[in-house]
Amino acid sequence: MHLAQKAYKELWCAAVSIQSGMRGMAGRNELRFRRQNKAAITIQSHCRKYLAHLHYIKLKKAAITTQCAWRGRVARKELRKLKMAARETGALQAAKNKLEKQVEELTWRLQLEKRMRADMEEAKTQENAKLQSALQDMQLQFKQTKEMLRKEREAAKKAAEQSPVIQEVQVMDHAVMDKLTAENEKLKALVNSLERKIGETEKKYEETTRLSEERLKQALEAENKLIQLKTSMQRLEEKISDMETENQILRQQSLLSTPVKQVSEPPRTPANKSLENGHYLDEENRANEPQSVTPAKKFGTESDSKFRRSMVDRQHENVDALINCVMKEIGFSHGKPVAAFTIYKCLLHWKSFEAERTSVFDRLIQMIGSAIENQDNNDHMAYWLSNTSSLLFLLQRTLKAAGASGATAHRKPPAPTSLFGRMTMGFRSPSSAHLAASATDIVRQVEAKYPALLFKQQLTAYVEKIYGIIRDNLKKDLASLLSLCIQAPRTSKGSVLRSGRSFGKDSPSNHWQSIIECLNALLSTLKDNFVPPILVQKIFTQTFSYINVQLFNSLLLRRECCTFSNGEYVKAGLAELELWCCQAKEEYAGSAWDELKHIRQAVGFLVIHQKYRISYDEITNDLCPVLSVQQLYRICTLYWDDNYNTRSVSPDVISSMRILMTEDSNDAESSSFLLDDNSSIPFSVDDLSKSLQEKEFSDVKAAEELIENPAFHFLDE
């Protein structure tokens with residue numbers, strides 16, 4: 001039995017050994033399989049990462065190429081438009097004013113950018129100092145780690161030398177050596193990570209240095225652009241002065257060759273010769289005349305010359321009477337200016353539009369220029385804006401370029417085109433003139449000569465000038481009030497402002513009411529002077545755009561304005577402006593309310609609660625779709641709540657904005673977060689012509705003072 005038990009134990013030990021060996025082999029196979037699987041997964045993940053990164057780089061490069069091509073196309077289109085506009089002579093004065101304002105704005109923005117750049121350079125200097133200190137700390141830590149590693153190796157060597165040669169102790173030494181090896185591997189990994197961090201820090205330092213150099217180059221380029229703009233403005237001023245001197249020379253030449261001086265000379269031609277522009281025919285026709293003239297013909301020419309002198313004097317008296325009448329404010333008839341209608345009827349009756357040479361247009365232009373010298377009186381300027389715009393509309397519907405005169409020249413003799421000749425014909429055939437005048441309509445087209453077309457261009461320039469004066473006067477009145485409306489007064493902390501649109505008379509919030517009063521006063525003035533509604537719309541649209549620019553730029557530049565209570569204050573004021581637009585109706589307000597979209601969205605963001613829960617997509621798509629990334633980042637970083645001490649947006653939103661700003665840093669247009677005020681003329685002669693109708697002038701009465709004059713009886717027909 002003992003032998004059997006012993007055999008059983010041996011068999012059992014053998015079985016256990018075999019089983020343990022098989023289990024160990026299976027465990028090692030499983031471990032090897034798991035290691036291979038893990039290594040394969042790591043390789044696949046790195047490969048996918050590399051492919052995704054490569055695809056992202058290609059996609060980004062393609063997007064940048066497309067954007068550059070599109071910006072180049074837009075820039076070329078803008079350049080083409082600017083070249084077309086520069087070819088027009090009438091646009092030189094507007095370009096000069098625009099350039100002057102752009103130079104002022106660029107100077108202001110350059111100073112602002114310089115201050116901001118100085119602040120950024122200071123912040124970068126501090127950041128670089130921090131990075132250098134961090135780099136020194138890492139280097140010191142790296143040296144300490146190396147020293148610790150050296151000490152550990154020496155300790156391991158000493159322990160290996162002092163260990164006795166015993167089998168059991170050797171097993172203990174192997175475990176210690178494995179532990180020391182693992183610690184050494186950890187220290188090596190730590191050293192490698194420190195080296196990587198040092199390299200990344202050096203790269204960041206190089207990038208910040210490069211960015212500072214690029215921004216310095218951008219500042220120098222901005223200064224160069226400013227210098228170029230100043231030089232171009234000086235060139236425009238020189239061109240305008242040259243054009244003015246040329247115009248003065250041409251006017252002097254035309255005055256020297258007027259019909260008055262030539263009629264005063266002793267005539268040499270017979271009385272039965274045809275007239276041209278109030279003068280006799282040229283020297284070639286005079287050369288073809290017979291040298292011997294009878295005394296009867298000489299007597300006839302002397303009587304005709306006296307008659308012509310009397311007619312010229314009478315015509316000048318009529319022009320003087322017209323100018324003296326329209327210089328006064330003679331009011332309106334059926335909602336239309338009497339002065340403009342009277343001038344148009346006189347010019348049409350005298351056939352001045354078809355005259356080759358006449359001084360009537362120059363005198364009218366001088367009269368308008370002297371009438372608008374008082375530019376501070378909006379009532380006076382609105383009266384002349386109504387007159388000049390109505391007269392421009394009538395000229396636009398009447399004048400057409402001469403092109404069919406040569407085809408009919410051989411069928412009938414040419415009619416005299418000067419004032420003297422046409423008035424002579426009118427006196428010789430009063431019945432036919434009366435029938436022609438009664439048959440004509442209020443507005444009829446005539447073939448205009450150069451003086452009439454030049455008068456139309458000069459009148460268009462005066463309409464644009466008077467429009468700009470009224471608009472700038474309103475901006476000047478609002479400028480001082482807007483600087484007070486951007487920041488909530490300290491006496492009204494939140495609770496007063498949340499009450500809606502109820503501003504007290506003695507409240508500091510009365511500045512918004514002052515703005516409403518200015519708008520109402522100008523609207524009433526324009527209505528009383530019957531200014532065309534399209535011009536009223538453009539005035540208030542550009543004024544609201546100016547309000548939007550001033551309020552929005554002040555909000556971005558002043559941190560004390562980016563508060564919750566200030567947002568409520570500005571929102572209440574914007575509600576007052578919205579109510580004013582509704583009361584003024586679309587006929588006069590137009591799209592003025594839409595011009596406040598930047599400040600409306602910015603204020604709406606300031607007064608919203610729980611900003612930290614809002615994502616970047618919700619801000620850009622729902623709350624502030626019009627604002628750029630730079631503007632949103634500026635508002636989010638400047639915001640602080642003085643009432644409830646709430647937080648701004650989350651750090652993730654701020655970081656995403658920074659990333660987008662870094663990607664768009666090469667774009668000069670997107671780098672600026674401030675808005676620009678548009679001071680151009682937003683309408684054309686065609687727009688003015690489409691807004692009015694000819695039948696509106698059918699019931700207009702001419703000036704009663706001139707109707708009583710026998711020479712102006714045609715105005716009552």
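None of these values were measured; they are calculated from a predicted model.

Colleague: I'm lost on the nonpolar core in this one. Help?
Modeller: The nonpolar side chains of a soluble globular protein tend to be buried with one another. Counting 129 residues, the largest nonpolar core has F353 and L577 as the members making the most contacts within it. Among the elements that take part in this core, helix α12 (residues 450-485) stands out by supplying 14 residues, more than any other. Filtering out sequence-adjacent residues up to four positions away, L577 remains in contact with W512, I515, I516, L519, F544, I547, W593 and L596. Residues L99, V103, L110 and L236 belong to the second largest nonpolar core, which totals 7 residues.

Colleague: Would you take a moment to explain a nonpolar patch on the surface for this structure?
Modeller: There is a patch of nonpolar side chains on the surface, built from Y8, W12 and V16 and spanning about 350 Å² of accessible area. Within the secondary structure, Y8 is located in helix α1 (residues 2-86). On the accessibility criterion, Y8 (54% relative accessible area) is exposed.

Colleague: Sorry if this is basic, but what is going on with helix α8 (residues 360-371) here?
Modeller: Residues lying three or four places apart along an α-helix face the same way, a consequence of the helix completing one turn every 3.6 residues. Taking 1.5 Å per residue as the helical rise, α8 with its 12 residues ought to reach 16 Å, and the 16 Å between its terminal C-alpha atoms agrees with that figure. Within the sequence span of α8, burial applies to V360, F361, L364, I365, M367, I368, G369 and A371.

Colleague: Help me understand the pattern of salt bridges in this model?
Modeller: A side chain of one charge can pair with a side chain of the opposite charge when the charged atoms of the two come close. A full pass over the atoms with the stated rule returns 10 salt bridges. Salt-bridge contacts for R558 lead to E560; the nearest nitrogen and oxygen are separated by 3.2 Å. Exposure remark for R558: the relative accessible area of 26% places this residue in the partly exposed category. Here the residues in one salt-bridge network are E147, R150 and E154, joined through shared partners.

Colleague: Whenever I open this one, the confidence of the model for the protein chain confuses me. Can you help?
Modeller: Residues shown with low pLDDT carry predicted positions that ought not to be read at fine detail. Per-residue confidence for the protein chain averages 78 on the pLDDT scale, and 77% of its residues sit at or above 70. Taken as a whole, residues 165-172 scores under 50 in pLDDT and shows 2 contacts with residues more than four places along the chain or in a different chain.

Colleague: Would you mind going over a positive patch on the surface with me for this structure?
Modeller: Among the surface-exposed residues, R73, R76, K77, R80, K81, K83 and R87 lie close enough to one another that they form a single positively charged patch. With respect to the helices and strands, the residue R73 is situated in helix α1. On the basis of relative accessibility, which here comes to 41%, the residue R73 falls in the partly exposed class.

Colleague: What am I meant to see in α12 here?
Modeller: End to end, α12 covers 52 Å across 36 residues, agreeing with the expected 52 Å (1.5 Å per residue, within 8%). The sharpest bend along α12 measures roughly 35° and falls at A479.

Colleague: Mind showing me how you'd approach the packing of aromatic side chains here?
Modeller: Inspection of the entire model under this criterion finds 13 aromatic pairs. Ring geometry for Y383 versus W384: centroids 5.5 Å apart, planes at 80°, classification edge-to-face. Of the residues examined, Y383 reaches a relative accessible area of 1% and is grouped as buried. What links up through ring pairs into an aromatic cluster is the set F332, Y383, W384 and F530.

Colleague: Can you walk me through the packing of helix α16 (residues 597-606) against helix α18 (residues 629-638) in this structure?
Modeller: Each packed pair of helices is defined by two parameters, the angle between the axes and the distance between the axes. Between α16 and α18, whose axes approach to 11 Å, the crossing angle comes to 35°. Here α16 runs over α18; the crossing is right-handed. Here H598, A602, F605 and L606 of α16 lie close against α18, whose contacting residues are Q631, I635 and C636. Here the contact of α16 with α18 is built from residues that sort into 5 nonpolar, 2 polar and no charged.

Colleague: Help me out: how do you make sense of the packing of α8 against α12 in this one?
Modeller: Close contact between α8 and α12 brings their axes to 10 Å; oriented N to C, the two are set at 10°. By the criterion of interaxial angle, the relationship of α8 to α12 is roughly parallel. Residues F361, L364, I365, I368 and G369 of α8 lie in contact with α12, whose contacting residues are P451, A452, F455, Q458, L459 and Y462. Its residues assigned to classes, the contact of α8 with α12 shows 9 nonpolar, 2 polar and no charged.

Parameters at a glance
Residues numbered from 1 in each chain as written. Predicted model: local features only at pLDDT ≥ 70, side-chain atom pairs only at ≥ 80, totals over all residues. Heavy atoms only, no water. Core = buried A, V, L, I, M, F, W, Y, C linked by side-chain atoms within 4.5 Å. Buried < 20%, exposed > 50% of the residue type's maximum accessible area, 1.4 Å probe, protein only. Helix = DSSP H or I, 4+ residues; strand = E, 2+ residues; numbered from the N terminus. Contact = heavy atoms within 4.5 Å. Patch = residues over 30% accessible without salt bridge, like charges linked within 9 Å, V, L, I, M, F, W, Y side chains within 5 Å. Areas by Shrake-Rupley, 256 points an atom, 1.4 Å probe, with all protein chains shown as cover. Salt bridge = Lys/Arg side-chain N within 4 Å of Asp/Glu carboxyl O. Expected span 1.5 Å × (residues − 1). pLDDT = per-residue confidence, 0-100. Lys, Arg positive; Asp, Glu negative; His and termini not counted. Charge placed at Lys NZ, Arg CZ, Asp CG, Glu CD. Bend = angle between axes of the 7 residues up to and from the residue. Phe/Tyr/Trp six-rings, centres within 6.5 Å; stacked < 30°, edge-to-face > 60°. Axes fitted to C-alpha atoms, helices over the stretch in contact; angles between N-to-C directions. Left-handed = near helix turned anticlockwise from the far one by under 90°. Nonpolar A, V, L, I, M, F, W, Y, C, P; charged D, E, K, R; others polar. Parallel < 35°, antiparallel > 145°, perpendicular 65-115°, else oblique.

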